[in-house]
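Observations on the model geometry
The lines below spell out each chain.
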Amino acid sequence: MKTLDRRDFLKKATLAGASALTVPTLFESCTSKASASTVVATDGLESKLIVPKNNGLKITGTFLDEISHDIPHQNWGEKEWDLDFQHMKNIGIDTVIMIRSGYRKFVTFPSPYLLKKGCYMPSVDLVDMFLRLAEKYGMKFYFGLYDSGKYWDTGDMTWEVEDNKYVIDEVWENYGSKYKSFGGWYISGEISRATKGAIGAFHALGKQCKDISNGLPTFISPWIDGKKAIMGTTKMTKEDAVSVQQHEKEWDEIFDGIHDVVDACAFQDGHIDYDELDAFFSVNKKLADKYGMQCWTNAESFDRDMPIRFLPIKFDKLRMKLEAAKRAGYDKAITFEFSHFMSPQSAYLQAGHLYDRYKEYFEIK
């Protein structure tokens, strides 16, 4: 009997203790919810900028990265993409560039040639979707060529010519002559220095693109082999960065070999430091002018200064790069890449804040 009384006492004591713990927790939860519901943003507040507004080159183009080789896929459908094109248009973007139509076995459209070679069937024809959305929102679409990955494996650009002979023909026949929004071609091979086969490959691909499309423009987007070009290492910077003089010498030779079939060059701006921008940008513009090419900047909207790859960039870093492009007299600014790193609906919360800071700076409502 005593044992039962003791068990009964312990049971009641445990329940009472649980009640004592539970009730305040529930009460606090209700209170915090009530408090949270009263916290609202104040209308009309803007950042008090202490630098001149609207003093950089506006971003008017963006890459579209749906292969998502080294950044997470956002798994958007047409509804989300339609909304993103509206956000792009709101800040003045008039050009969208598919960064590559395929990478190794993943492709963005049902290419008979690439599927026969063993590439995977995509669930949606992204080329068709992007062309329709570009047409709907008054933008030009640039088609990025296929990347087999063999250049990255071998260091030889000539590998990329053969597959693209067939891809270029297919794309122009199925999309180029059908959509007015098909505005040009992006030769997707990325180099930084004098690279084996680069001049010949760029020339062959550029010529085929222009010949088949009655001269539509082509462009490339190489990187500058600066101190932040540390791909494949654990370091944040490297010591053997290219000098401004060597960069000019090598790219003078490359431009000389491709300028008749490549209309613009958009150097990636993230591999050099912010106090090096003017020196490299002035050389890029001088070379482009020498060879009658347009000088664009690929204003990277992700941050290369962090060990995490890749997150949206700090606004001041983007601002400084766009201001340097304006000082150098660049013709156009594009970015890699709006949808992940600047869009209000990006998977990264910081991207929407970057969009807001960009709009404040350029006084876009």
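What you are looking at is a predicted structure, and each value in this text was computed from that prediction instead of being measured.

Looking only at helices and strands, one finds 12 helices and 10 strands in the protein chain. Taken across its 365 residues, the protein chain has 50% of its residues classed as buried. A separation threshold of at least 6 residues defines the contact pool for the protein chain, and within that pool the share at least 24 residues apart is 78%. Roughly 18,000 Å² of accessible area belongs to the protein chain as shown, and the carbon and sulfur atoms make up 56% of that amount.

Now for the pairing of strand S2 (residues 95-98). Walk down a regular strand and you will see the side chains alternate between the two sheet faces. By the alternation rule, side chains of S2 split into Thr-95 and Ile-97 and Val-96 and Met-98, which are all buried. Inspection of the sheet shows strand S1 (residues 59-64) paired to S2 by 4 bridges, in the parallel sense. In the strand pairing of S2, Thr-62 is matched with Val-96. Of the crossover connections in this fold, the one passing from S1 over helix H2 (residues 78-90) to the parallel S2 is right-handed. Of the strand pairs in this sheet, S2 and strand S5 (residues 140-144) are connected by 3 bridges, and their pairing is parallel. Across the sheet, Thr-95 pairs through a bridge with Lys-140, a residue of S5.

Here the focus is the packing of helix H9 (residues 277-290) against helix H10 (residues 315-327). Two elements in contact, H9 and H10, have axes whose closest approach is 9 Å; the angle formed by their N-to-C orientations is 40°. Relative to H10, the element H9 is oriented oblique. Crossing angle aside, the handedness with which H9 passes H10 is right-handed. For the pair formed by H9 and H10, the contact residues are Leu-277, Asp-278 and Phe-281 on the first element and Met-320, Lys-321, Ala-324, Ala-325 and Arg-327 on the second.

Positionally, Lys-285 belongs in helix H9. Overall, Lys-285 belongs to the buried group, its relative accessible area being 14%. For Lys-285, the residues in contact, after removing those within four places along its chain, are Cys-295, Ala-328, Gly-329, Tyr-330 and Asp-331.

If you walk through the whole model with that rule in mind, you get 36 aromatic pairs. Geometrically, the ring pair formed by Phe-315 and Tyr-361 is edge-to-face, given 5.7 Å between the ring centres and 65° between the ring planes. Taken together, the residues Phe-315 in helix H10 and Tyr-361 in helix H12 (residues 349-361) connect sequence positions 46 residues apart. Neither residue differs from the other here; Phe-315 and Tyr-361 are each classed as buried. Joined through ring pairs, the aromatic side chains of Phe-63, Tyr-142, Tyr-186, Phe-219, Trp-296, Phe-302, Phe-310, Phe-336, Phe-341 and Tyr-348 make up one cluster. Its end group placed over the ring of Tyr-103, Arg-100 keeps NZ or CZ at 5.8 Å from the ring centre.

Within this structure, the stated rule accounts for 31 salt bridges. Between Arg-132 and Glu-78 there is a salt bridge, with its nearest N and O atoms 2.7 Å apart. Taken together, the positions of Arg-132 in helix H4 (residues 126-136) and Glu-78 in helix H2 put the pair 54 residues apart, joining distant regions of the chain. Taking relative accessible area as the criterion, Glu-78 reaches 36% and is therefore assigned partly exposed.

Another point: the environment of Val-124. Residue placement: Val-124 occurs in the loop between helix H3 (112-116) and H4. Judged by relative accessible area, which is 40%, Val-124 ranks as partly exposed.

Glancing now at unusual backbone geometry. Residue Phe-310 is bonded to the preceding Arg-309 through a cis peptide linkage, with omega at -5°. Considering the arrangement of structural elements, one finds Phe-310 in the loop between strand S9 (294-298) and H10. That bond from Phe-336 to Glu-337 is cis: its omega, 5°, falls within 30 degrees of zero. By secondary structure assignment, the location of Glu-337 is in the loop between strand S10 (332-335) and helix H11 (338-341). The phi dihedral of Asn-75 is positive, around 55°, even though this residue is not glycine. Along the chain, Asn-75 turns up in the loop between S1 and H2.

Glancing now at the nonpolar core. Membership of the largest hydrophobic core comes to 85 residues, with the highest contact counts inside it found for Phe-85, Phe-141 and Phe-143. Residues contacting Phe-85, with those up to four places away along its chain left out, are Leu-64, Val-96, Phe-130, Leu-133, Ala-134, Tyr-137 and Met-139. Among the nonpolar cores identified, the runner-up in size contains 18 residues, and Ile-97, Ile-99, Phe-336 and Tyr-348 belong to it.

Each value, and the rule that gives it
- Residues numbered from 1 in each chain as written.
- Predicted model: local features only at pLDDT ≥ 70, side-chain atom pairs only at ≥ 80, totals over all residues.
- Heavy atoms only, no water.
- Helix = DSSP H or I, 4+ residues; strand = E, 2+ residues; numbered from the N terminus.
- Buried < 20%, exposed > 50% of the residue type's maximum accessible area, 1.4 Å probe, protein only.
- Contact = heavy atoms within 4.5 Å.
- Areas by Shrake-Rupley, 256 points an atom, 1.4 Å probe, with all protein chains shown as cover.
- Pairing = 2+ DSSP bridges.
- Right-handed = clockwise from strand over helix to strand, strands pointing away.
- Axes fitted to C-alpha atoms, helices over the stretch in contact; angles between N-to-C directions.
- Parallel < 35°, antiparallel > 145°, perpendicular 65-115°, else oblique.
- Left-handed = near helix turned anticlockwise from the far one by under 90°.
- Phe/Tyr/Trp six-rings, centres within 6.5 Å; stacked < 30°, edge-to-face > 60°.
- Lys NZ or Arg CZ within 6 Å of the ring centre and 35° of its normal.
- Salt bridge = Lys/Arg side-chain N within 4 Å of Asp/Glu carboxyl O.
- Core = buried A, V, L, I, M, F, W, Y, C linked by side-chain atoms within 4.5 Å.

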